[in-house]
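Each chain, letter by letter, is given below.
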Amino acid sequence: MIVTVASFKGGVGKTTTAIHLAAFLQGHAQTLLIDADPNQSALAWASRGELPFLVVDQWQARALPTPYGHVVIDTPARPVADDLALLAASCDLLILPTTPDILALDALALMVQHLAGLPIAPYRILLTMIPPYPSRAGAEVRQRLTTTGLPLLAGGIRRYAVFQKAALAGTAVYDVKDPKAELGWQDYVAIGEEILGG
Ligand SMILES: Nc1ncnc2c1ncn2[C@@H]1O[C@H](COP(=O)(O)OP(=O)(O)OP(=O)(O)O)[C@@H](O)[C@H]1O
Ligand SMILES: [Mg+2]
C-alpha cells in the first residue's frame, strides 16, 4: 500500500506521522519511507539514530530494486497545485494531518476544496497534537469535522513531548525512555490498524 502524508499547513505532524506509520507498517511488511520534502526532515530524523525501515529521497527511491510491501511518502507543506494533483493520484491513501486549531482547520478546508476537483485516492483526516484535558479542542474539532461530513480517522494522536524527543534521538517513539512513549506509540498503532483495516 502507498500512503502519502500531506497538508497545506506546515508543522501539523506530517513527518512525525510518516515516521510512525512506516514503523507500524514495517511490522506487517517491508516498508520504505520516501522523503519528498526538500527540507529532508525524515532523512535527518533517520540520520540521527536508528529506524526499523529505510528512508530515501524521491530520486534514490527510483533506483531501488527491492519490492516493498508498503511505501509511506512524506511531503512538503503547501504543495504547488501540480504536485498536489500528482501526489494525491499516485497513492492508495492520502492522510491529511491537522492540529485542532482554527488556522490548521482553515488550511485543511482549502486543501479539501482543491482535492474535490481532482481524480484522487481516498483521503482521511488525522487529528494530531491533541492537547490534554482540560482542553476540549480535540473533541470540539472532531465534532465539527464529523458534522461537515469530512472523512476523519476515528483515532487521533495526542500531544506528547516524547514525540519531539524521538525526533531528536532519531528513533521511533517506542525507543525513547519516557513515561508517555508507549501511549504515543499506541496512538499510531491504532491509526495503522484503522488504515490497514480499510
Ligand atoms: N503528537 C505530537 N505531540 C507533540 N509534539 C508533536 C507531535 N507531533 C509532532 N510534534 C512536534 O511538532 C513539530 C512539527 O511536527 P512535524 O515536523 O512532524 O510536522 P510537519 O507537518 O512535518 O512539519 P513541516 O510542514 O515543517 O514538514 C515537531 O517539533 C514535532 O516534534
Ligand atoms: Mg515535515
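Remember, it's a predicted structure, so these values are computed and weren't measured experimentally.

### Considering the overall build of the protein
In step 1: Counting secondary structure elements, the protein contains 8 helices and 7 strands.
In step 2: What you see for the protein is a C-alpha radius of gyration of 16 Å, in line with the 16 Å of a compact globule of 198 residues.
In step 3: Its C-alpha atoms give the protein principal-axis dimensions of roughly 45 × 45 × 30 Å.
In step 4: Within the protein, the fraction of its 198 residues that count as buried is 42%.
In step 5: Long-range pairs, those at least 24 residues apart, make up 74% of the contacts in the protein between residues at least 6 apart in sequence.

### Looking at the pairing of strand E7 (residues 152–158)
In step 1: Across 3 bridges, the pairing between strand E6 (residues 123–130) and E7 is parallel. Bridge pairing links Ile-125 to Leu-152 in E7.
In step 2: In this fold, E6 hands off to helix H6 (residues 137–147), which returns the chain to E7; that crossover is right-handed.

### Structural notes on the environment of Ala-190
In step 1: Residue placement: Ala-190 occurs in helix H8 (residues 181–196).
In step 2: For the pair Ala-190 and Pro-97, spaced 93 residues apart in the sequence, the C-alpha separation amounts to 15 Å.

### Regarding the sheet that holds strand E1 (residues 2–5)
In step 1: Taken together, the 7 strands give an open sheet; going across it, the order is E3-E2-E4-E1-E5-E6-E7, and neighbouring strands pair in parallel fashion. The sheet terminates laterally at strand E3 (54–57) and E7, the two strands that pair on one side only. Neighbour-to-neighbour, the strand axes of this sheet turn through a mean angle of 25 degrees, independent of strand direction.
In step 2: Contacting strand E2 (31–35), E3 and strand E4 (70–74), helix H2 (residues 41–48) crosses the sheet at an angle of about 140 degrees to E3.

### What about the packing of helix H1 (residues 14–26) against H8?
In step 1: Interhelical geometry of H1 versus H8 gives an angle of 65 degrees and a closest axis separation of 9 Å. Judged by the inter-axis angle, H1 sits roughly perpendicular to H8. Between H1 and H8 lies a crossing of right-handed hand. Contacts between H1 and H8 involve His-20, Leu-21, Phe-24 and Leu-25 on the former and, on the latter, Tyr-188, Val-189, Ile-191 and Gly-192.
In step 2: Across the contact of H1 with H8, the residue classes break down as 6 nonpolar, 2 polar and no charged.

### Points about the site of ligand 1
In step 1: Not every one of the 19 residues close to ligand 1 is listed here, only the nearest: Gly-10, Lys-14, Thr-15, Thr-16 and Ala-77.
In step 2: Sorting the residues of the shell around ligand 1 by element identifies H1, E6 and helix H7 (162–169) as the ones contributing at least two each.
In step 3: Across the shell around ligand 1, the residue classes tally to 7 nonpolar, 9 polar and 3 charged.

### Overview of the nonpolar core
In step 1: Within the largest apolar cluster, 56 residues are counted, with the highest numbers of intra-cluster contacts made by Ile-19, Leu-21, Leu-33 and Val-72.
In step 2: When residues of this core are assigned to their parent elements, the largest contribution, 7 residues, is made by H1.
In step 3: Ignoring anything within four residues of it in the chain, the contact list for Leu-33 reads Ala-18, Ile-19, Ala-22, Ala-42, Phe-53, Val-55, Val-72 and Asp-74.

### Re the UniProt feature "domain: CobQ/CobB/MinD/ParA nucleotide binding" (unreviewed entry) in the protein
In step 1: The feature "domain: CobQ/CobB/MinD/ParA nucleotide binding" (unreviewed entry), as annotated in UniProt, sits at residues 3–163 in this numbering.
In step 2: Helix makes up 39% of residues 3–163 and strand 24%, with an end-to-end C-alpha separation of 21 Å.

### Examining unusual backbone geometry
In step 1: Backbone torsion omega between Tyr-133 and Pro-134 reads 10 degrees, so that peptide bond is classified as cis.
In step 2: With respect to the helices, strands and loops of the structure, Pro-134 is situated in the loop between E6 and H6.
In step 3: Here Arg-78, not a glycine, exhibits a phi torsion of approximately 50 degrees, which is positive.
In step 4: In this structure, Arg-78 sits in the loop between E4 and helix H4 (81–89).
In step 5: With 14 C-beta atoms packed within 10 Å, Arg-78 lands in the partly exposed category.
In step 6: Look at Met-129: it is not a glycine, yet its phi comes out positive at around 50 degrees.
In step 7: Here Met-129 lies in strand E6.

Parameters and conventions
Residues numbered from 1 in each chain as written. Chains lettered and ligands numbered in written order. Predicted model: local features only at pLDDT ≥ 70, side-chain atom pairs only at ≥ 80, totals over all residues. Helix = DSSP H or I, 4+ residues; strand = E, 2+ residues; numbered from the N terminus. Rg over C-alpha atoms; globule rule 2.2 N^0.38 Å. Buried ≥ 20, exposed ≤ 12 C-beta atoms within 10 Å, placed from the backbone. Contact = placed C-beta atoms within 7 Å. Pairing = 2+ DSSP bridges. Right-handed = clockwise from strand over helix to strand, strands pointing away. Axes fitted to C-alpha atoms, helices over the stretch in contact; angles between N-to-C directions. Parallel < 35°, antiparallel > 145°, perpendicular 65-115°, else oblique. Left-handed = near helix turned anticlockwise from the far one by under 90°. Nonpolar A, V, L, I, M, F, W, Y, C, P; charged D, E, K, R; others polar. Near = placed C-beta within 6 Å. Core = buried A, V, L, I, M, F, W, Y, C linked by C-beta atoms within 7 Å. UniProt positions renumbered as here; feature names shortened; annotations may be inferred.

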